[in-house]
Protein chains: 2
Amino acid sequence: MTEGETVVRKRALSATKAEEIQAVEKKVRNNQPDKPCHRPRDSLFTWNSGFTNFTGFINWAFLILSIGGLRLLLENFIKYGVRVDPIQWIYYLIDEEGSDYPTLMLLLYHIVPVVTCLIIEKALSAEVVSNGIGMLVHVANLLSVILVPMVFIHVKPGFGLVGASTVCTFYSILFLKMWSYIQVNMWCRMDRQKSAKSTLRRQSVSLSSLQRAEKTINNNQDSEKSSSETLPGGLVHYPENVSLRDFYYFMFVPTLCYELNFPRTERIRKRFLLRRAFEVLVGTQIILAVIQQWMIPSVKNSLVPFSNMDYTLATERLLKLAIPNHLAWLIMFYILFHSWLNLLGEVLQFADRNFYADWWNAENIDVFWRTWNLPVHRWAIRHLYLPMVDLGYGRNTASMVVFFISAFFHEYMVSVPLKTYKIWAFMGMMGQLPLSFLSRFVEKRYGGRFGNIVVWSSIIIGQPLCIMMYYHDYMVIHHGTAIAGYSHR
Amino acid sequence: MTEGETVVRKRALSATKAEEIQAVEKKVRNNQPDKPCHRPRDSLFTWNSGFTNFTGFINWAFLILSIGGLRLLLENFIKYGVRVDPIQWIYYLIDEEGSDYPTLMLLLYHIVPVVTCLIIEKALSAEVVSNGIGMLVHVANLLSVILVPMVFIHVKPGFGLVGASTVCTFYSILFLKMWSYIQVNMWCRMDRQKSAKSTLRRQSVSLSSLQRAEKTINNNQDSEKSSSETLPGGLVHYPENVSLRDFYYFMFVPTLCYELNFPRTERIRKRFLLRRAFEVLVGTQIILAVIQQWMIPSVKNSLVPFSNMDYTLATERLLKLAIPNHLAWLIMFYILFHSWLNLLGEVLQFADRNFYADWWNAENIDVFWRTWNLPVHRWAIRHLYLPMVDLGYGRNTASMVVFFISAFFHEYMVSVPLKTYKIWAFMGMMGQLPLSFLSRFVEKRYGGRFGNIVVWSSIIIGQPLCIMMYYHDYMVIHHGTAIAGYSHR
């Protein structure tokens, strides 16, 4: 029995008595001529000691990571030499040599669906065409936004991988923005019709939200009075907003949700702008370097183990790829969601910079998907989930629809540029369902910290697995089965 | 200017006014039919946001470490196969084949200096020999404890590396324990002489500490009364303690500081004992496996780069060795300072388990040296530093003497078993002086966290550097300059 235990038992009898005895014992010992220096104590790692300050091990972890990273970097340069070559990327960007710049052509083509969309909106706002016909043309136009790049990339030769990816990303964003634009204008038209019916109420109120209606009634006078006072130039009202200028502002602004009066900043902070621009330039170079120097050799070396189903070697390759891939993803996240979107926002004086929440603390997969990409999340809630719930669908149904459309776009942005119509990305998204159950189970059973670890694991391991699957299939499809020659480990 | 900045400036004028305007602006926007969803906000990574919760990245760091470690493990097994071979260690332990077990002989020889020491103490306590002569023989005996293994290992063939290391560690500990034993008995004799002179004071008081003397005067009666009540059997007084049995109890007890009445536990906790024993057995196997499977190939591969002064390759090898070496050191620390010393303490019912403090949080090198090895630290303070200060030496002089004796023992425990009298370990200890300045500078300039990182860096990098130096010199000395053949990377 240690001193700690003795004290506890004694305390149950009489705390003061035990303390007295202890004090006396100590005195007797201290009076001895051998200068006693020992007293009953537990080691810090023993549970009884109650010691919990292990913060030094956090510094340790980050230091070991840095040292390990530095070592891998050196090993890589010793093994492969310098493979970073910025020129190579320009070749990829301007498509294959001798081609008629299909990426540039396809990017310019976007004017067609945009102008089509605006013409329909003008016609609808002027009530030249009926709502039904207008919406039919809109849907056809939206489908063309998705299908045209898909067909072109598949049929036309000469697309570079980076060029094709850029096109697919661009048209996915265009699709979501146009959907939002059309829906918001529809809301405004519905509101105008209602206002026309109930002419008593001058201020336009959207009835879809009872709360807002209540507020309006309470503060109707206030708002009207202050509207001209506080907002310079006042608010833009429907249909003043339907113009090419307004649409292109929305096109470049870092959000997927259209509204008529975006919150604006008062001035452009030049130092902030320069910092973000610097981050974008340097960060991009780092990502490209990591891909060329570290990921491409790893992926190439994984080809044979994956083909031969050599599990030990394949796992080693997977873990080897996981680190640089994850590093590239983290830097990509920062420069895209922080530096680039803030840069756009600053230039266009767009005030809402809420592009991401603290997904790094997410304690289950669901929270991660709700927090890492707020522009898409906000779009999904505002333009898919809530309208479906308003239409009477159940919340679970609406969630599933959001999830499947998200899965479709993940597949679209990967498969089309690779011209490899495998379902790995889609499967990766579907894998989120059991993962969601697992992470919530772990969170409940073992606490938030372990839920967070499951989330991180799925991010770190899931992505490189999909990349290897795609690379393997891409090589098999486009270069036949003589793939052994590609490995030069 | 962001919303945050706007608010701050407005607040300077009138907090309530600004809030009113904001509230009104919000109402106007919310009453619009386009369901606005944006409001002025900063991104979380922007300093203005005031967001600081990045705890998820701590989980991330430990996860990445685990994944990286697993990958290295797999790579290692793929590259080298299974090299773990417990039998090999037994060969090392029982010395070279055909030899007459010199390790065992040398370990048994310790009875000679121990019995010599006890005979002198008996003679001194009985006042058969004078204090001067007794101390002279003690010093000669102590010197033999250090010199005999040194000479034997150098002269006699057949010592295994592990055997020789064990012998050196054992005799270093014996030296420190005997020093403590002799000094404490001397204190007791001095006290007895004083008591004999001042017979008025019945309770013996050590005058070296004023504080204790004061306490004694105040509580003299209390202590005498309670001494027989609380301590079963009462206290052992000088010279009752001078016996072989008492000395051997001190020999096995986990401390280097002798005292006549060690604090004792009431019983042996069997479950605690079994756990510590299990940790020692498993931990030792893990360390041996790490050394055989991971460190030895790394060290062997470092030989050629170190000989050729190829700095890039040598750095890569150094960092490669740093990780397994540090891992082995951490496990070694745990099983030696927690499991093994607690095991000894439990068996011998020794109650003071304060073998280490929280060195992992040390914010400069000095704190680390004061906290990682408390038995040695306590010995150095009690038997070297304080006696020197009492003799009138300055505190800095006493510190330097402690430091140099510590450096000597580090060198002794490495150079003698390796039979390579290079000064790398001594230099490593000397390197602690500039490191101490650096870490305290960093701590003051950049805060405790960065001081802690300097401490960790020196632990992680300093050790493998010394190991490589020794291995390089060992190979050059014992196997000539034809060392290129040893590398089979």
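Given the structure is predicted, the values throughout are model-derived calculations rather than measurements.

Enquirer: Explanation requested: the overall build of chain A in the structure shown.
Expert: In terms of helices and strands, chain A carries 18 helices and 0 strands. Buried positions account for 30% of the 489 residues belonging to chain A. Expressed as a percentage of contacts within chain A between residues at least 6 apart in sequence, the contacts between residues at least 24 apart total 69%.

Enquirer: Any chance you could explain the packing of helix α7 (residues 131-155) of chain A against helix α8 (residues 161-197) of chain A here in plain terms?
Expert: Residue and element names in this part refer to chain A. Viewed as axis vectors pointing N to C, α7 and α8 meet at an angle of 175 degrees, and their least axial separation amounts to 10 Å. Considering the angle they form, α7 stands roughly antiparallel to α8. Each of His138, Leu142, Val145, Ile146, Pro149 and Ile153 in α7 lies in contact with α8, whose residues at this interface are Ala164, Val167, Cys168, Tyr171, Leu174, Phe175, Met178, Trp179 and Ile182. Residue composition of the contact of α7 with α8, by class: 14 nonpolar, 1 polar and no charged.

Enquirer: Just checking my understanding: could you explain the environment of Phe355 of chain A for this structure?
Expert: Relative to the assigned elements, Phe355 of chain A resides in the loop between α12 (311-347) and α13 (365-371). According to the C-beta neighbour criterion, Phe355 of chain A is buried, with 24 such atoms within 10 Å. When the C-alpha positions of Phe355 of chain A and Phe337 of chain A are compared, they lie 6.1 Å apart, and in sequence the two are 18 residues distant. Excluding residues that lie within four positions of it along the chain, Phe355 of chain A makes contacts with Pro254, Phe337, Leu341, Leu374 and Pro375 of chain A together with Ser43 of chain B.

Enquirer: Looking at this structure, how should I read unusual backbone geometry?
Expert: Excluding glycine, most residues fall at negative phi; most peptide bonds, likewise, are trans. Along the chain, Tyr238 of chain A connects to Pro239 of chain A via a cis peptide bond; the corresponding omega equals 5 degrees. With respect to the helices and strands, the residue Pro239 of chain A is situated in the loop between α9 (210-230) and α10 (244-252). Its identity as a non-glycine residue notwithstanding, Lys35 of chain A has a phi of 45 degrees, on the positive side. Notably, Glu127 of chain B is not glycine yet its phi reads approximately 55 degrees, a positive angle. Mapped onto the secondary structure, Glu127 of chain B falls in the loop between α6 (111-125) and α7 (131-155). Overall, Glu127 of chain B belongs to the exposed group, with 12 C-beta atoms counted inside 10 Å.

Enquirer: For this particular structure, what's the right way to read α7 of chain A?
Expert: Because an α-helix completes one turn every 3.6 residues, residues spaced three or four positions apart along the sequence face the same direction. Residue and element names in this part refer to chain A. Taking 1.5 Å of rise per residue, the 25 residues of α7 would be expected to cover 36 Å, and the 35 Å separating its terminal C-alpha atoms lies within 8% of that figure. Val145 marks the point of greatest bend in α7, at about 30 degrees, and the proline Pro149 comes within the next four residues. For α7, every residue scored as buried is listed here: Gly134, His138, Val145, Pro149 and Ile153. Where the residues of α7 are buried, they touch α5 (102-108), α6 (111-125), α8 and α15 (395-418).

Enquirer: Looking at this structure, I do not really get the packing of α6 of chain B against helix α8 (residues 161-197) of chain B. What am I missing?
Expert: Packed helices, taken two at a time, are described by their axes: the angle between them and the distance between them. Residues and elements named next belong to chain B. For the pair α6 and α8, interaxial distance at closest approach is 11 Å and the crossing angle is 5 degrees. On the basis of the axis angle, α6 is roughly parallel to α8. Counting all contacts with α6, which are made through Cys117, Glu121, Leu124 and Ser125, the residues of α8 involved are Met178, Ile182, Asn185 and Arg189. For the contact of α6 with α8, a count of residues per class yields 4 nonpolar, 2 polar and 2 charged.

Enquirer: What is the right way to read the nonpolar core from this model?
Expert: Looking at soluble globular proteins, one finds that nonpolar side chains tend to be buried together. In terms of nonpolar packing, the biggest core is built from 42 residues, with Leu321, Tyr356, Phe368, Val455 and Trp456 of chain B touching the most fellow members. Mapped by element, the contributors of at least two residues to this core are α3 (56-80) of chain A together with α11 (270-307), α12 (311-347), α13 (365-371), α17 (432-446) and α18 (448-479) of chain B. Among residues more than four places away in sequence, those in contact with Trp456 of chain B are Asn59, Trp60 and Leu63 of chain A. Of all hydrophobic cores here, the second largest spans 39 residues; its members include Trp294, Trp372, Leu374 and Ile467 of chain A.

Enquirer: Looking at this model, I keep getting lost on the environment of Val376 of chain B. Mind explaining?
Expert: All names here are of chain B. Structurally, Val376 is set in helix α14 (residues 374-390). According to the C-beta neighbour criterion, Val376 is partly exposed, with 17 such atoms within 10 Å. Measuring from C-alpha to C-alpha, the distance between Val376 and Leu313 comes to 38 Å, with 63 residues separating the pair along the chain.

Enquirer: Can you walk me through the confidence of the model for chain A in this structure?
Expert: The predicted structure's coordinates, where accompanied by low pLDDT, should not be read in detail. Residue and element names in this part refer to chain A. For chain A, mean pLDDT is 81; residues scoring 70 or higher make up 83% of the total. For the stretch residues 201-232, pLDDT sits under 50, and the model shows 40 contacts to residues farther than four places along the chain or on other chains. Below pLDDT 50 for its whole length, residues 482-489 participates in 13 contacts with residues either more than four positions away or in separate chains. Two summary scores accompany this predicted model of the complex, namely pTM at 0.72 and ipTM at 0.75.

About the criteria used
- Residues numbered from 1 in each chain as written.
- Chains lettered and ligands numbered in written order.
- Predicted model: local features only at pLDDT ≥ 70, side-chain atom pairs only at ≥ 80, totals over all residues.
- Helix = DSSP H or I, 4+ residues; strand = E, 2+ residues; numbered from the N terminus.
- Buried ≥ 20, exposed ≤ 12 C-beta atoms within 10 Å, placed from the backbone.
- Contact = placed C-beta atoms within 7 Å.
- Axes fitted to C-alpha atoms, helices over the stretch in contact; angles between N-to-C directions.
- Parallel < 35°, antiparallel > 145°, perpendicular 65-115°, else oblique.
- Nonpolar A, V, L, I, M, F, W, Y, C, P; charged D, E, K, R; others polar.
- Expected span 1.5 Å × (residues − 1).
- Bend = angle between axes of the 7 residues up to and from the residue.
- Core = buried A, V, L, I, M, F, W, Y, C linked by C-beta atoms within 7 Å.
- pLDDT = per-residue confidence, 0-100.

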